[in-house]
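Residues per chain are reported as follows:
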Amino acid sequence: MGSTAPEAEHVDVLIVGGGPVGLITAYQLALTLPHADKRIRIIEQHPKSSQDKYSRAIALFPRTSEVLDQLGLADALAQQCFACQSSASAVWDFALVLRQKYQEEVFRTALKEKGIMLEAPVTLVDVAVDEGLKKGRVSQHSYGPR
Ligand SMILES: Cc1cc2nc3c(=O)[nH]c(=O)nc-3n(C[C@H](O)[C@H](O)[C@H](O)COP(=O)(O)OP(=O)(O)OC[C@H]3O[C@@H](n4cnc5c(N)ncnc54)[C@H](O)[C@@H]3O)c2cc1C
């Protein structure tokens, strides 16, 4: 019995991995890419709610919080975290203590607000470069300033 190959799907950006780096990369792209919800897909092999049973990262240090603040993501983390600090000086001058699974939940929620859902469980099993594919034209208007 012959099998039919699934129809190819095209996407401008495929992000593999729904950890902090994948989620924040997708979010950062979504902030700048027009029609990002139709052009970015992010996949994760594990159902994320169950993967990090015992968590991994727990503390974010000031520079990380500052970078996340520039993306508009730090306030939501700060609402849930334990702030480990010796003084109340600079805005993000403390270790932001929150289990990674909850940090990721904040990033997934922000991404969802941009119309992009983490697709899980979906595993990338192989990558092939199709040299025969007709190259698309990149519009300067769509991708950024001239
Ligand atoms: C015990 C421990 C404690 C830590 N504590 C801290 C801390 O306090 N502070 C801190 O900043 N960092 C800490 N870290 C480091 C932090 O967890 C990592 O830096 C962070 O998880 C890296 O994020 P990432 O997105 O690059 O990778 P990951 O979080 O590993 O995410 C990669 C994702 O890709 C998915 N994936 C892989 N292959 C495929 C595939 N083929 N198809 C689909 N999906 C795929 C994986 O399932 C995974 O979810 C700690 C790590 C550990 C292990």
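Refer to the preceding data block for the structure.
Being a predicted model, the structure only gives us computed values, none of them experimental.

Parameters and conventions
Residues numbered from 1 in each chain as written. Predicted model: local features only at pLDDT ≥ 70, side-chain atom pairs only at ≥ 80, totals over all residues. Heavy atoms only, no water. Salt bridge = Lys/Arg side-chain N within 4 Å of Asp/Glu carboxyl O. Buried < 20%, exposed > 50% of the residue type's maximum accessible area, 1.4 Å probe, protein only. Helix = DSSP H or I, 4+ residues; strand = E, 2+ residues; numbered from the N terminus. Pairing = 2+ DSSP bridges. Contact = heavy atoms within 4.5 Å. Axes fitted to C-alpha atoms, helices over the stretch in contact; angles between N-to-C directions.

### Things to note about the pattern of salt bridges
A full pass over the atoms with the stated rule returns seven salt bridges. With a shortest N-O distance of 3.6 Å, Lys38 and Asp37 are connected by a salt bridge. Accessibility expressed as a relative area gives 37% for Asp37, which makes it partly exposed. Residue Arg63 pairs with Glu66 through a salt bridge whose shortest N-O separation is 2.9 Å. In this pair, Arg63 and Glu66 are both assigned in helix H4 (residues 62-70), three residues apart and thus about one turn of the helix distant. The class for Arg63 is exposed, based on a relative accessible area of 51%. For Glu66, a relative accessible area of 34% translates into the label partly exposed.

### Thoughts on the sheet that holds strand E6 (residues 118-119)
Adjacent strands of a sheet form backbone hydrogen bonds with each other and so pair up, either parallel or antiparallel. Within the open sheet, the three strands sit side by side as E1-E2-E6. Their pairing is parallel. The sheet is open, and its two edges are formed by strand E1 (13-16) and E6, each paired on a single side. Strands in contact with helix H1 (residues 20-32) are E1, strand E2 (40-43) and E6; relative to E2, the strand with the most contacts, it is inclined by about 170°.

### Looking at the side chain of Gln103
As for its position among the elements, Gln103 is in helix H6 (residues 100-113). Judged by relative accessible area, Gln103 falls into the buried class, the value being 3%. Apart from residues lying up to four places away in sequence, Gln103 is in contact with Ala57, Ile58, Leu60, Leu77 and Leu98.

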